[in-house]
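Summary of structural features
Each chain, letter by letter, is given below.
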Amino acid sequence: MTTTEREHTLPATAEQAPKSSQGPRRPPLKAWLQPLLISLVVVAAFIASYVGLQRDPQPHHVPIAVTGPSLPGEVQKALGGAVEVHPAADAATARAALEHHDVVAVLGADTPDHLNLQIAGAAGNSTTSAVSHLVGAYAHGTGAQFTTEDVVPLVHHDARGLAGFYVAFGVSLAGFVLGSNVLGLAAAMRLRHRIYLLAGASAAVGVVGAILVGPVLGAAPAPLIPLMFVLALLAASAAFTTTLLGTVLGPIGLPITTLLLLTVGNATSGAVIGADLLPAGARAISALLPPGAAVRAIADLSYYGGAHLVTPVLTLAAWAVVAGTALALRPRLKGRRTAAAA
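Below or above, wherever it landed, is the structure these notes cover.

A separate point is the overall build of the chain. Looking only at helices and strands, the chain has twelve helices and five strands in total. In terms of C-alpha radius of gyration, the chain reaches 28 Å, well past the compact-globule figure of 20 Å for 342 residues. Seen through its C-alpha atoms, the chain measures out along the principal axes to roughly 120 × 45 × 40 Å. Looking at the chain as a whole, 41% of its 342 residues qualify as buried. With the model as given, the accessible surface of the chain reaches about 18,000 Å², and the carbon-plus-sulfur share is 66%.

If you add up the space inside the largest pocket, you get close to 770 Å³. As for the largest pocket, its lining consists of 38 residues, of which His-101, Ala-123, Val-295, Arg-296 and Ala-299 are closest to the centre. Those elements that provide at least two residues to the lining of the largest pocket are α6 (163-183), α11 (290-303) and α12 (310-341). Considering every element that reaches the lining of the largest pocket, the biggest residue donor is α11, with eight residues. Split into classes, the residues belonging to the lining of the largest pocket amount to 20 nonpolar, 13 polar and five charged. What the second largest pocket holds in volume is close to 240 Å³. What lines the second largest pocket is a set of 20 residues, among which Gln-54, Leu-162, Ala-271, Val-272 and Ile-273 lie closest to the centre.

By size, the foremost hydrophobic cluster in this structure holds 71 residues, and its most contacted members are Ile-64, Val-75, Leu-107 and Val-131. Once you skip the residues sitting within four places of it in the chain, Ile-64 turns out to touch Val-75, Val-83, Glu-84, Val-85, His-86, Val-103, Val-104, Ala-105 and Val-131. Among the nonpolar cores identified, the runner-up in size contains twelve residues, and Ile-195, Ala-239, Leu-244 and Leu-327 belong to it.

Notably, His-61 is not glycine yet its phi reads approximately 55°, a positive angle. With respect to the helices, strands and loops of the structure, His-61 is situated in the loop between α2 (29-55) and β1 (62-67). At His-101, a position not held by glycine, the phi torsion is positive, near 65°. Residue position: His-101 is located in the loop between α4 (91-99) and β3 (105-111). The exposure class of His-101 is partly exposed, given its relative accessible area of 30%.

Within the secondary structure layout, Thr-128 lies in helix α5 (residues 125-142). Judged by relative accessible area, Thr-128 falls into the buried class, the value being 8%. Excluding residues within four positions of it along the chain, Thr-128 makes contact with Ile-119, Ala-120 and Gly-121.

Taking 1.5 Å of rise per residue, 27 residues should cover 39 Å, and α2 covers 38 Å from first to last C-alpha, within 8% of that figure. Where α2 is buried, its residues contact α6, α9 (253-267) and α10 (280-286).

Thresholds, definitions, all that
Here the residue numbers are simple positions, counted from 1 along each chain's written sequence. Local features in this predicted model are restricted to residues whose pLDDT is 70 or higher, and side-chain atom pairs enter the listing and the counts only when it is 80 or higher, whereas totals over whole chains, interfaces and linings include all residues. By convention in this description, side-chain values take in all heavy atoms of the structure and omit both hydrogens and water. Strands here are runs of E lasting at least two residues and helices are runs of H or I lasting at least four, both read from the DSSP assignment and numbered beginning at the N terminus. The quantity called the radius of gyration is restricted to C-alpha atoms. Its globule counterpart is 2.2 Å times the number of residues to the power 0.38. Partly exposed residues are those whose accessible area sits between 20% and 50% of the maximum for their type, while under 20% is buried and over 50% is exposed, using a 1.4 Å probe and protein chains only. Only the protein chains shown count as cover for residues, and all accessible areas are computed by the Shrake-Rupley method using a 1.4 Å probe. Here a cavity means grid points, on a 1 Å grid over the protein atoms only, where a 1.4 Å probe fits yet cannot get out; a pocket means an open set of points with protein on both sides within 12 Å along at least five of seven lines; lining residues are those with an atom within 4 Å of a point. Grid points are joined across faces, edges and corners, and a volume is the space filled by probe spheres set on the points. Residue type decides the class: Asp, Glu, Lys and Arg count as charged, Ala, Val, Leu, Ile, Met, Phe, Trp, Tyr, Cys and Pro as nonpolar, and the leftover types, Gly among them, as polar. For the purposes of this section, nonpolar cores are sets of buried Ala, Val, Leu, Ile, Met, Phe, Trp, Tyr and Cys residues that join through side-chain atoms within 4.5 Å. Here a residue-residue contact requires only that any non-hydrogen atoms of the pair lie within 4.5 Å. To estimate how far a helix should extend, the number of its residues minus one is multiplied by 1.5 Å.

This is the structure in structure tokens:
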């Protein structure tokens, strides 16, 4: 290199040196605001859902069977929209409806001045307490006495009826953690292998959860194999939904999944506050979200012989299958859109 060439090269290097010595540039405003706003939305939604729904629960069309020629009409007129009276031909028919979970209570008159209330403790403390309060108010207004009998009681190890809530929350959380971890494996694992991992780990979560809440802790007297299947579906619905939303929406996908499944889904599941005591909007989505469907399936298997198991199982399966299929087909659909754009 000649002297002249060195003279031309050195100034250029000197001009570039100050730029390379500068520190990282200041983060854009979005980088500051996005985590802050997401945190505020999550905490507001969590508190509003759990505290708000428990603040003043009111019964809405709680189904009760009522026997007798005139008592059904009198009870419906007195209690209005708080209950949905199902007239029953006799006490045996009414009790069968209670044991089948078609209603949550049965009201009959032993004598003109004495009412007999049969409840299903398995329907949840909030629901049975609301029904007892309503019938007590009706009896007081008519001057009658009433007694209460629990004919579908909760098991001893779930005296408060919260096992279904905690199981659904725990399995949903496990599915969320599974899905969010699989998101980070995109560079190290092929898509089909990630799908296999999601499915296999969800099945394992269902097995462990069912064994713990059933034989080990005795808090859910459900048949073990069907309970494993239900909890595996719940874990799969949470895991596949988490992975799908995280893949499609990027960083904001996980907070949305947190709000949808862990916050709103569990708060409206009907386990802590009975579904019949929730506001209209919460009642509308309660059975449609995976935690609510799982809570219904667990209770139905544990106390009602699986009488209404089909709908919640189909709901859970739909979440898992739709999310899993969308995740599997996304690369192909994305490739077609890219080819069409080109």
